Amino acid sequence: MTNNPVQVVLQTEQYMKIPENGGGGSTKDFYEGRDSEFARHKQRLLKQVDSIRTSLEASSNQQLGFVKVRLQSTALAKTHRPMEALFKPKNLPLVGSGALGELFFEVTPSTLGHVSDAIEKAELKVTKRDNKNKLKASSARSETGAIEDITLPTLKDKRGFGLEEAVRHFDKWPAAKYFTVELFVDEASLSDATDDRIEVRRALHSFREGLCGISTKLKIWSSSSEWKALHITTVQFPTELPHSGDYEKLLVKVMIFLDESALVRRYALGAGISRGSQASTTGAPASRPRRLLLPQPQAGVSYPVIGIVDAGVSRHAAISKWSVGTLDYMREPDSERDHGTFIAGLLVNGAAFNPGQPIEADPCCFFDFDLYSEDQNKLEDNFEQGFLGMMRQLDVQLSSVKPEGLRVINLSLNPEEMTDQNGYSPYAAILDQIADKHDVIFVISAGNLEGSKVRNRWPNSATPALQDLVSYRPLGADRLYVPGETARNLTIGAFEPLDVDGQTRPARYTRRGPATAAGIKPDFAHIGGCVTGGTPLISIDHACNLAPSEGTSYAAPLVAKTLALLDERIEGQQPRELLMAMMFHFARMPALLNDELLKDVCKDFAGFGMPGSVDSMLTTDDTSITLVFQDTLPPGRELSFDFEWPEVLVADGVTRGDVHLTIAYSPPLDRLHQAEFARVNLDAYLRQEQFDDETGEISYKGRLKPDHPGTLEKSLITHGAKWWPVKHYGRKFSRLGGTSKWRLVVDALTRAGTDYPEAGVKFAVVLTISDPARKAPVFSSTRQSLLRGGVNLVDVRTAARARAR
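Let me sum up the structure you'll find in this document. (Residues numbered from 1 in each chain as written. Predicted model: local features only at pLDDT ≥ 70, side-chain atom pairs only at ≥ 80, totals over all residues. Heavy atoms only, no water.)

Here we come to empty space enclosed by the protein. All told, the structure shown has six cavities of 30 Å³ or more when counted by the stated rule. Considering only enclosed or pocket space, the largest cavity measures out at about 120 Å³ in volume. Residue lining of the largest cavity: 17 residues in total, with Ala 487, Met 580, Tyr 665, Pro 725 and Val 726 positioned closest to the centre. Among the elements that take part in the lining of the largest cavity, helix α15 (residues 576-585) stands out by supplying four residues, more than any other. Across the lining of the largest cavity, the residue classes tally to nine nonpolar, three polar and five charged. Quantified by volume, the second largest cavity comes out at close to 80 Å³. Around the second largest cavity, the lining comprises 14 residues; the ones closest to its centre are Lys 78, Arg 81, Glu 676, Arg 751 and Ala 752. For the lining of the second largest cavity, the residue count by class is seven nonpolar, one polar and six charged. (1 Å grid on protein atoms, 1.4 Å probe; cavity = no way out; pocket = protein on both sides within 12 Å on 5 of 7 lines; lining within 4 Å. Points joined across faces, edges and corners; volume = space filled by probe spheres on them. Helix = DSSP H or I, 4+ residues; strand = E, 2+ residues; numbered from the N terminus. Nonpolar A, V, L, I, M, F, W, Y, C, P; charged D, E, K, R; others polar.)

With that settled, consider the side chain of Ser 314. Among the secondary structure elements, Ser 314 is positioned in the loop between β13 (305-310) and α8 (317-320). The exposure class assigned to Ser 314 is buried, which follows from its relative accessible area of 2%. At 3.0 Å, the side chain of Ser 314 forms a polar contact with the backbone nitrogen of His 316. Looking at Ser 314, its side chain comes within polar contact range of the main-chain oxygen of His 542, at 2.5 Å. For Ser 314, the contacting residues outside a window of four places in its chain are Ile 319, Ser 320, Asp 334, Arg 337, Thr 341 and His 542. (Buried < 20%, exposed > 50% of the residue type's maximum accessible area, 1.4 Å probe, protein only. Polar contact = N/O pair within 3.5 Å; in protein donor to acceptor, adjacent residues only side chain to side chain. Contact = heavy atoms within 4.5 Å.)

Here we come to the sheet that holds strand β5 (residues 94-97). Pairing is antiparallel in the open sheet, where four strands are placed in the order β5-β6-β4-β7. The open sheet is flanked by β5 and β7 (147-151), the only strands paired with a single partner. Each strand of the sheet is rotated relative to its neighbour by a mean of 25°, with strand direction disregarded. Two strands pair when backbone bridges link them, and β5 and strand β6 (residues 102-107) are joined in this way by three bridges, in the antiparallel orientation. Counterpart to Gly 96 in the pairing with β6 is Phe 104. Against the sheet, helix α3 (residues 139-146) contacts β4 (65-71) and β7, and its axis sits at roughly 75° relative to β7. (Pairing = 2+ DSSP bridges. Axes fitted to C-alpha atoms, helices over the stretch in contact; angles between N-to-C directions.)

A few words on the pairing of strand β21 (residues 537-540). In β21, alternate side chains face the same way, and those of Leu 537 and Ser 539 on one face and Ile 538 and Ile 540 on the other are all buried. Inspection of the sheet shows β21 paired to strand β22 (residues 546-549) by four bridges, in the antiparallel sense. Considered in β22, the bridge of Leu 537 is made with Ser 549. Hairpin connection from β21 to β22: five residues lie between these consecutive antiparallel strands, with Cys 544 at a positive phi of about 65°.

This paragraph deals with the packing of helix α5 (residues 163-172) against helix α7 (residues 245-260). Direction vectors running N to C along α5 and α7 enclose 120°, while the axes themselves pass 11 Å from each other. By the angle between their directions, the pair α5 and α7 is classed as oblique. Considering the relative orientation of α5 and α7, their crossing is right-handed. Together, Leu 163, Val 167 and Phe 170 of α5 and Tyr 247, Glu 248, Leu 251, Val 252 and Met 255 of α7 make up the contact between the two elements. For the contact of α5 with α7, the residue count by class is seven nonpolar, no polar and one charged. (Parallel < 35°, antiparallel > 145°, perpendicular 65-115°, else oblique. Left-handed = near helix turned anticlockwise from the far one by under 90°.)

What follows concerns the pattern of salt bridges. Should their charged atoms come close, side chains of opposite charge can pair. Inspection of the entire model under this criterion finds 41 salt bridges. Glu 37 is the salt-bridge partner of Arg 34, the closest N and O atoms lying 3.0 Å from each other. Between Lys 219 and Glu 384 there is a salt bridge whose closest N-O contact spans 2.9 Å. With a gap of 165 residues between them, Lys 219 in strand β9 (residues 219-222) and Glu 384 in the loop between α10 (376-382) and α11 (386-401) connect regions that are remote in the sequence. With relative accessibility at 31%, the residue Glu 384 sits in the partly exposed group. Bridged by salt links that share partners, the residues Arg 315, Asp 328, Arg 331, Asp 334, Arg 337, Asp 368 and Asp 370 form one connected network. (Salt bridge = Lys/Arg side-chain N within 4 Å of Asp/Glu carboxyl O.)

This next bit is on the packing of α11 against helix α12 (residues 426-438). Between α11 and α12, the least distance of the axes is 10 Å, while the angle of their chain directions is 5°. When the interaxial angle is binned, α11 and α12 end up roughly parallel. Residue-level contacts link Phe 387, Leu 388, Met 391, Arg 392, Asp 395, Leu 398 and Ser 399 of α11 to Pro 426, Tyr 427, Ile 430, Leu 431, Ile 434, Lys 437 and His 438 of α12. By residue class, the composition of the contact of α11 with α12 is nine nonpolar, two polar and three charged.

As a further point, take the nonpolar core. Counting residues in each nonpolar core, the largest one holds 132 residues, and the members touching the most others are Met 390, Phe 442 and Met 582. Ranked by residue count, the leading element in this core is helix α14 (residues 552-569), at ten residues. If near-sequence neighbours (up to four positions away) are discounted, Phe 442 is found in contact with Leu 394, Ile 409, Leu 411, Leu 431, Ile 434, Ala 435, Asn 489 and Leu 490. Grouped together as the second largest cluster of nonpolar side chains are 39 residues, Phe 629, Tyr 665, Ala 684 and Ile 769 included. (Core = buried A, V, L, I, M, F, W, Y, C linked by side-chain atoms within 4.5 Å.)

In this section: the packing of aromatic side chains. Within the structure shown, the criterion is met by 27 aromatic pairs. When the ring of Phe 87 is compared with that of Phe 105, the centres are 4.4 Å apart and the planes differ by 20°; the resulting orientation is stacked. Of the two residues, Phe 87 sits in the loop between β4 and β5 while Phe 105 sits in strand β6, which places them 18 residues apart along the sequence. Overall, Phe 87 belongs to the buried group, its relative accessible area being 0%. Ring centres of Phe 641 and Phe 643 lie 6.0 Å apart, and the angle between their planes is 20°; on these two criteria the pair is classed as stacked. The two residues Phe 641 and Phe 643 agree in class, both being buried. Cluster of aromatic residues (ring-pair linked, three or more members): Phe 161, Phe 170, Phe 179, Phe 237 and Tyr 267. For Arg 141, the ring lying beneath its charged end belongs to Phe 38, and the centroid distance is 4.2 Å. (Phe/Tyr/Trp six-rings, centres within 6.5 Å; stacked < 30°, edge-to-face > 60°. Lys NZ or Arg CZ within 6 Å of the ring centre and 35° of its normal.)

If you want it as structure tokens, here you go:
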């Protein structure tokens, strides 16, 4: 019977312990057995440093600079960062990171002399040995060998556009008529710096004065005064000078100034906002009535509330009854509110509109954040900073009009800018900061492909699917839109509706990952409709008539609905980490994607798959048990929980079982470190006790591993989701030896140069153990064993109330 509640383990603080062993590696000789090659490499680095030093000394303005240190692909691990001997933080501050293995350091001619001296000390032949009589390279040799090259940033590093492209872009997107400028240092990053960084403070002051002095027509905004962790400056161009010589002259002046400033790391064009072109047909499908009555809210019934950030929802009485409030900011006419109304209709009655599809039947209320307009000029009048301006306004509104119980916000709008796999955009960063500040979770559409970029329909088997992906043109043009790389929120792709066989597949128009160097994006996919295949998604237009459409815009609210219902079904205010962990843990990949040949690409389209139903997340059948651990991991501690494997799954010394383990956590984020913006890694392990009959020694062996070979850092990041705030492991045991004693462990790792937060890192772990044969009474057996062992358990639906006591 599927009526056994998911069990929350209480009083988890008693399982916090000091880790037994430290991790990490020792100094490594990256040129072992290649001494002559190392000698050439050493001289090449010395020449590079000397060239940079000469260039800075010849600078007429200042002798401050920033160098890019690129590491070898085998030197990406924290222990190999060249910050013990070569780039000592006291004199050569690490100011940021770029792509994986790219580090930026603040330098002067004087401090570069220290780098040269350290490289000179690197021995050409390793002769020293450690206490195990193994050759041991010095830190200088190890760090010199870890570095691929040391260079000054180039103009190509700074910007990827020219004057003509900027003019065309600003003409197309009036609400994106600005540059986003990222500096190597700003007031926020220097707030905790010591007073000995006088030169960089002077350079920053000079930069601010110089930028403002270009023209009084420019509007300059620095995030340091309002959003300190955003680390950007925007340069807003005037609206009154389009298509004029003065306009282009002003553009040229600004670009030359930014190109020549050593403080500028990079700058980009402002991103235009779009909902994408969702296909639709005229009128309602012939097989359906033109209008289907919406249900009425029941008196005394509490419904989840979901925010809708869009161009507004229709004021029609039938849908307005489900509205708990409106921010009437853009004041669009009802005729322009089809998109937002379609989303609202799905939240209220999506299951009835689309029978046979995996959509939650329970209705949700909504709050209408009317912050968008398809009229780009009107959008510019209200938000000169485009998406950034819209999000700043949303932040203000959430501080003043956020309705009680609002935890989930649907955002089916995208800046038309693809994610940078080696970056973390300001658009994702501001969304993550708003999510933290207001304790909400945004559910974001992945974005839609249009025209010639639309893919062929996903085939019925894996090999043709791979062939289609390999032959797709234009290659790389189908990546997710920002802020799809968000780390605190959910990004949603689209599936076709289930067919008569219950099969689904990625929609032809859905954008794909990867979106970051470390994580899996999108997070999920849900039904988005397929108009060309005759299976659109059905909802309502502004007149509350039935309307067919398709798009990731409409897959997102179906996930938002599941998330909001999950939050509502669990009593009390639940930490976001618990909600996230449960959503990821119970998601499943559709059959057409769940193929060994597709394991490296299916996540780019569907993430962790389609979320399970709320009922499936809260209860299990008799043959399985799900345990939840939710807490904050303090500095210098790990969670270590010992338990007995279900006795009904152990026979004659052989263990069997199907196990799934998920961890979700909220690491500190830092935009200055782009591909490495998540600064703390938490991981969960399931280990089995091993007893050595000869020595009597007891050890624990890990039983869950990432689905990839190798131990190199790059492989761990790409395939194992190391450093990403969600991880999932699964394995089926049939004949496993060892004892019945097991241990669940959660531990932490910080980036080089990063301090672990004093307040700790919040996390949630979900562990499910089941009988692969679906026969043994795992739930009752395991629960009784845990209770006998003194473990305090409570139903997940009442966990908050139990904790409050």
